[in-house]
Each structure stands twice: as structure tokens, then as C-alpha cells.
Amino acid sequence: EDRRRHVTEAFSPASNCDVQPKQSSSATVMQSLMGTQDDASMGLMQLRFISIVHSLNFSMFITIAIFVNIIHIFIEQGARNADNEHHPIWIALEVCFNVIFLVEFLIKIVAFRLGYFVSMSNLFDLFLLVFGWLGIVMDI
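Throughout what follows, the structure given in this document is the object of discussion. (Residues numbered from 1 in each chain as written. Predicted model: local features only at pLDDT ≥ 70, side-chain atom pairs only at ≥ 80, totals over all residues. Heavy atoms only, no water.)

### A short note on the overall build of the chain
Secondary structure assignment for the chain yields six helices and zero strands. Element order for the chain, N to C, with α for helix and β for strand: α-α-α-α-α-α. Taking all 140 residues of the chain together, 21% fall into the buried category. For the chain, long-range pairs separated by at least 24 residues make up 62% of all intrachain contacts whose partners lie at least 6 apart in sequence. As displayed, the chain has an accessible area near 10500 Å², and 69% of this comes from carbon and sulfur atoms. (Helix = DSSP H or I, 4+ residues; strand = E, 2+ residues; numbered from the N terminus. Buried < 20%, exposed > 50% of the residue type's maximum accessible area, 1.4 Å probe, protein only. Contact = heavy atoms within 4.5 Å. Areas by Shrake-Rupley, 256 points an atom, 1.4 Å probe, with all protein chains shown as cover.)

### As for the pattern of salt bridges
By the definition in use, this model includes two salt bridges. Residues glutamate 76 and arginine 80 are paired through a salt bridge, measuring 2.4 Å at the closest nitrogen-oxygen approach. Assessed through its relative accessible area of 9%, glutamate 76 is described here as buried. For the salt bridge of lysine 108 with glutamate 104, the shortest nitrogen-to-oxygen distance reads 3.4 Å. Pair noted here: lysine 108 and glutamate 104 are both in helix α5 (residues 88–112), with a separation of four residues, about one helical turn. (Salt bridge = Lys/Arg side-chain N within 4 Å of Asp/Glu carboxyl O.)

### Describing the side chain of asparagine 122
For asparagine 122, the location among the structural elements is in helix α6 (residues 120–139). Residue classification places asparagine 122 among the buried residues on the basis of a relative accessible area of 6%.

### With respect to the side chain of asparagine 98
Mapping asparagine 98 onto the fold places it in helix α5. On the basis of relative accessibility, which here comes to 6%, the residue asparagine 98 falls in the buried class. Among residues more than four places away in sequence, those in contact with asparagine 98 are Leu129, Gly132, Trp133 and Ile136.

Fair warning: the whole summary comes from geometry, so function is off the table for now.
Below you can see the structure in the form of C-alpha cells.
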């Protein structure tokens, strides 16, 4: 009984042990990159953009834009032919979607700063954004 109590006390958070788990340096770097340090060191604009990025409305809007863009791509693949290859609607739709995704990128960059580049999904989004704009430039 006495030994069990001693072991329990040794591993309890309230123990008088001076050894505390330290946050790893990589976690500290990640927090500073992602802008997750304490609110006092962040600007109000960054905090506002972080709240936008984490809002349901923002996520739903971007998700809907992605699905509508997918539908647009399928329609374009089926309907675009030699007769309407250079119709302005194709470029206009591409520009609209790329502007939406550019705004998403800018909001996330303001929110996360360099931490934006830590996420693989963000890097994939950036890759698609760059090639989307390159495709528009090549079509013009």
C-alpha cells in the first residue's frame, strides 16, 4: 500500500518533482511559424485573419468553390471544342476561380505567415494556384 502511494505520487502532476517536460524546440519553431504564440505578440489583423481561416463560413465557401470548379472542369472538357475554343467564358470562369483561390492564399498567408508553407495541403493549394495562373497566361 505504501509503495503504491509513493509510485502514484511520483507520477502525479502535483508531485514535487523538479523535472518538467520541456516543449521541444521544433514545437516552439512550429508555434512561431504558425502564429500560434500568445495573443499578445500577434497583431490584431493577424488574429482576425486566423479567426476567418478557422471559421465555418470560410471553410464552406472554399469547399463549395472547389466543387463548383470541379463541375466547371468537367463541363469544359465535354463542351469545349474547336468551334468555341477561344470563347471568353472559358477564360472568365478560370479567372474567377483563380481569384477566389488567390484570396484564400492571401488570407492564409496573413494568418499563418511562414507557417503557411509547413502544411502539405497548403503547398498543394499553392502549386495548383501557380499553375492555374500560368494556364490563364498561356491561354491569353
